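Now for the letters of each chain:
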Amino acid sequence: MEETKVISLLKEYHQEHIIQALSHMQEEKREGLLNQLKDIDLEQMKKLYENKNVDYNTDGKITPISYVDKQRLSKEQLEKYVAIGEQKIKSGKYAFATMAGGQGTRLGCHGPKGKFMLDILPEPKSLFEILANSLKRANQKYDVSIPWYIMTSRENNQDTIEFFEENQYFGYNKKDIMFFTQNELPLISEQGKLLLGEDFLIKEAADGNGGIFESMLRSGVLADMNKRDIQWIFIGSVDNAILQMVDPLLLGLTISQNHEIASKTVTKANPHERVGVFCKKNGLPKVIEYTELSEEMAEQTDENGELLYGESHIMCNLFSRKALEKISKEKLAYHSAFKKANYLDENFNLVVSDKPNAYKFEAFIFDSFEFFDDITILRSKREEEFAPIKNKEGADSPETAKKLYNDFWKLNK
Ligand code: UTP
């Protein structure tokens with residue numbers, strides 16, 4: 001795109017402050033900013049800003065979704081599904097992807113969250129090492145080398161790769177680890193303006209964990225999976241200390257139910273726990289936020305006394321490669337969050353904000369479910385699947401995750 005075109009688009013979309021900044025910027029910085037602007041879709045940003053307060057989930061008919069409770073499967077059923085899953089895993093058709101592009105704001109960590117050291121027994125380990133060890137155990141069990149795709153953000157990519165290098169990839173086969181970077185979107189001020197960062201570039205942030213699909217396509221991850229003839233991919237978060245990413249039961253059940261996608265859930269701790277839960281919306285699978293469930297619906301139970309909307313999404317999702325290929329070409333909705341952002345004004349003075357002042361736009365992985373007619377849901381036990389590290393202290397903190405990890409490994413040695 002020509003420079004004049006960039007300038008005229010900035011004018012058209014009322015971003016004159018950026019034109020002004022460009023007009024008295026050093027040549028090198030100006031070049032950098034112009035290059036970046038060529039790739040920013042101002043029409044998309046305008047729409048995102050206009051719709052920042054639109055809640056995508058408020059209309060539509062919400063109904064309960066069916067699930068399989070692992071505890072209620074008979075021995076025969078368990079054996080049958082596990083055998084189907086194991087056969088696929090052993091034939092080398094299974095891969096794992098980690099979403100590691102988050103900022104870990106609540107935990108307050110600097111750099112990649114996967115570098116966070118969890119003080120577990122017998123000795124502290126980083127979250128990345130915990131994941132690597134889990135995968136290595138599966139490789140040994142099934143005599144395979146499971147490809148591991150790791151999504152980073154532009155911000156933490158270099159740091160993540162260096163950490164793996166320094167640690168000799170935790171003994172994992174280097175040829176089976178691939179890093180790929182997720183997209184970013186500009187932040188937008190309350191007045192609908194792009195912000196200039198301290199590096200003299202438009203301030204951007206990772207576009208949410210739902211960015212994984214498009215990024216897999218763009219970065220060649222899907223092509224690599226195709227080349228390796230991978231058929232099933234488990235996508236998990238970086239911050240679950242007992243993530244069971246190689247789960248033959250989940251895989252076998254999904255194949256048997258003839259579904260393209262699946263998710264493991266845990267039951268809500270209480271009807272009003274602040275978590276997203278599975279449901280069907282207009283007949284399609286969906287995760288809805290606790291804020292969108294009325295008090296009555298949150299407390300509704302079935303004939304066995306089980307919560308009708310009690311299956312919480314814990315970022316344990318399985319996709320067929322075909323499903324990933326399909327979603328990678330779809331547009332997921334963006335959700336906005338109002339955040340604090342420092343920026344440079346048109347005279348390049350730093351503006352430090354002590355309260356939220358900018359919109360960040362993020363896609364969520366679970367918004368991909370509605371592109372499919374149905375989903376396999378496997379209700380699992382919290383203490384066997386879910387030890388999240390989100391907050392510095394209290395619930396879902398290193399302290400709670402450490403206990404869950406140590407207890408899990410005491411029982412599963
Ligand atoms: P969260 O939404 O809990 O974000 O991510 P976070 O970075 O861990 O923590 P906060 O909200 O900043 O405190 C759930 C999973 O999605 C990944 C995270 O790395 C984590 O594994 N994620 C999140 C991405 O990969 N990219 C993103 O843009 C956002």
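The structure we're discussing is the one just above.
All of the points below concern the structure found in this document. (Residues numbered from 1 in each chain as written. Predicted model: local features only at pLDDT ≥ 70, side-chain atom pairs only at ≥ 80, totals over all residues. Heavy atoms only, no water.)

Thoughts on the overall build of the protein
Then, number 1: Regarding its fold elements, the protein presents 14 helices and 20 strands.
Then, number 2: A compact globule built from 413 residues would reach a C-alpha radius of gyration of about 22 Å, and the protein, at 23 Å, matches this within 12%.
Then, number 3: Summarising its shape, the C-alpha atoms of the protein cover approximately 75 × 50 × 40 Å along the three principal directions.
Then, number 4: The 413 residues of the protein split such that 50% are buried.
Then, number 5: Put simply, the protein shows about 19800 Å² of open surface, and 47% of that area lies on carbon and sulfur atoms. (Helix = DSSP H or I, 4+ residues; strand = E, 2+ residues; numbered from the N terminus. Rg over C-alpha atoms; globule rule 2.2 N^0.38 Å. Buried < 20%, exposed > 50% of the residue type's maximum accessible area, 1.4 Å probe, protein only. Areas by Shrake-Rupley, 256 points an atom, 1.4 Å probe, with all protein chains shown as cover.)

Quick notes on the site of the ligand
Then, number 1: Near the ligand you find 20 residues, and of these Met99, Thr105, Lys113, Gln182 and Lys390 are the closest.
Then, number 2: Interatomic distance of 2.7 Å between a side-chain N/O atom of Lys113 and an oxygen atom of the ligand.
Then, number 3: The side chain of Asp239 places a nitrogen or oxygen atom 3.5 Å from an oxygen atom of the ligand.
Then, number 4: Calculation on the ligand without its partners gives an accessible area of 570 Å², and the protein chains cover 87% of this total.
Then, number 5: When its residues are assigned to classes, the shell around the ligand shows six nonpolar, nine polar and five charged. (Near = heavy atom within 4 Å. Polar contact = N/O pair within 3.5 Å; in protein donor to acceptor, adjacent residues only side chain to side chain. Nonpolar A, V, L, I, M, F, W, Y, C, P; charged D, E, K, R; others polar.)

Quick word on helix α5 (residues 75-90)
Then, number 1: The end-to-end C-alpha distance of α5 is 22 Å, a good match for the 22 Å that 16 residues give at a rise of 1.5 Å each.
Then, number 2: Turning to α5, its buried residues number three or more, namely Tyr81, Gly85 and Ile89. The buried side chains of α5 occupy one side of the element, clustering within an arc of 80 degrees when seen end-on. More than 90 degrees from the buried face of α5, the exposed residues found are Lys75, Glu76 and Gln87. (Expected span 1.5 Å × (residues − 1). Arc of directions from axis to C-beta.)

What about the nonpolar core?
Then, number 1: The biggest cluster of nonpolar side chains holds 59 residues, and the ones touching the most others in it are Leu37, Met216, Ile235 and Phe319.
Then, number 2: When neighbours within four sequence positions are excluded, Leu37 is seen to be in contact with Val6, Leu10, Ile18, Leu22, Leu194 and Ile202. (Core = buried A, V, L, I, M, F, W, Y, C linked by side-chain atoms within 4.5 Å. Contact = heavy atoms within 4.5 Å.)

Points about the packing of aromatic side chains
The way to describe two aromatic rings as a pair is by their centre distance and the angle between their planes.
Then, number 1: For the coordinates displayed, the defined rule picks out 20 aromatic pairs.
Then, number 2: Ring centres of Trp148 and Tyr172 lie 5.8 Å apart, and the angle between their planes is 70 degrees; this geometry places the pair in the edge-to-face category. Residue Trp148 is found in strand β6 (residues 148-152), and its partner Tyr172 is found in the loop between α7 (157-166) and β7 (177-181); the two are separated by 24 residues along the sequence. Neither Trp148 nor Tyr172 differs from the other in exposure class; each is buried.
Then, number 3: Ring geometry for Tyr405 and Trp409: centres 6.4 Å apart, planes at 50 degrees, overall tilted. Linking Tyr405 with Trp409, this pair stays in helix α14 (residues 398-411), spanning four residues, or about one helical turn.
Then, number 4: Assessed through its relative accessible area of 22%, Trp409 is described here as partly exposed.
Then, number 5: Among the aromatic residues, those joined into a ring-pair cluster are Phe96, Phe128, Trp148, Phe163, Phe164, Tyr169, Phe170, Tyr172, Phe179 and Phe234.
Then, number 6: It is Lys52 that lies over the ring of Tyr49; its NZ or CZ is 4.1 Å from the centre. (Phe/Tyr/Trp six-rings, centres within 6.5 Å; stacked < 30°, edge-to-face > 60°. Lys NZ or Arg CZ within 6 Å of the ring centre and 35° of its normal.)

Points about the pattern of salt bridges
Then, number 1: One pass over the full model with this rule turns up 31 salt bridges.
Then, number 2: Between Lys47 and Glu43 there is a salt bridge, with its nearest N and O atoms 3.3 Å apart. Here the residue Lys47 and the residue Glu43 both occupy positions in helix α4 (residues 42-50), the gap between them amounting to four residues, near one helical turn.
Then, number 3: The partner of Glu306 in a salt bridge is Arg379, with the nearest N and O atoms 3.1 Å apart. You can see Glu306 sitting in the loop between α11 (295-299) and β15 (311-320) and its partner Arg379 sitting in strand β20 (residues 376-379), a full 73 residues away along the chain.
Then, number 4: For Glu306, a relative accessible area of 15% puts it in the buried group.
Then, number 5: With relative accessibility at 6%, the residue Arg379 sits in the buried group. (Salt bridge = Lys/Arg side-chain N within 4 Å of Asp/Glu carboxyl O.)

Focus on the environment of Lys340
Then, number 1: Within the element layout of this structure, Lys340 appears in the loop between β16 (335-339) and β17 (343-344).
Then, number 2: Judged by relative accessible area, which is 54%, Lys340 ranks as exposed.
Then, number 3: Each C-alpha atom, one on Lys340 and one on Lys355, is 5.7 Å from the other, the two residues being 15 residues apart in sequence.
Then, number 4: Ignoring any residue separated from it by four or fewer positions in sequence, one finds Lys340 in contact with Ser353, Asp354, Lys355, Pro356 and Asn357.

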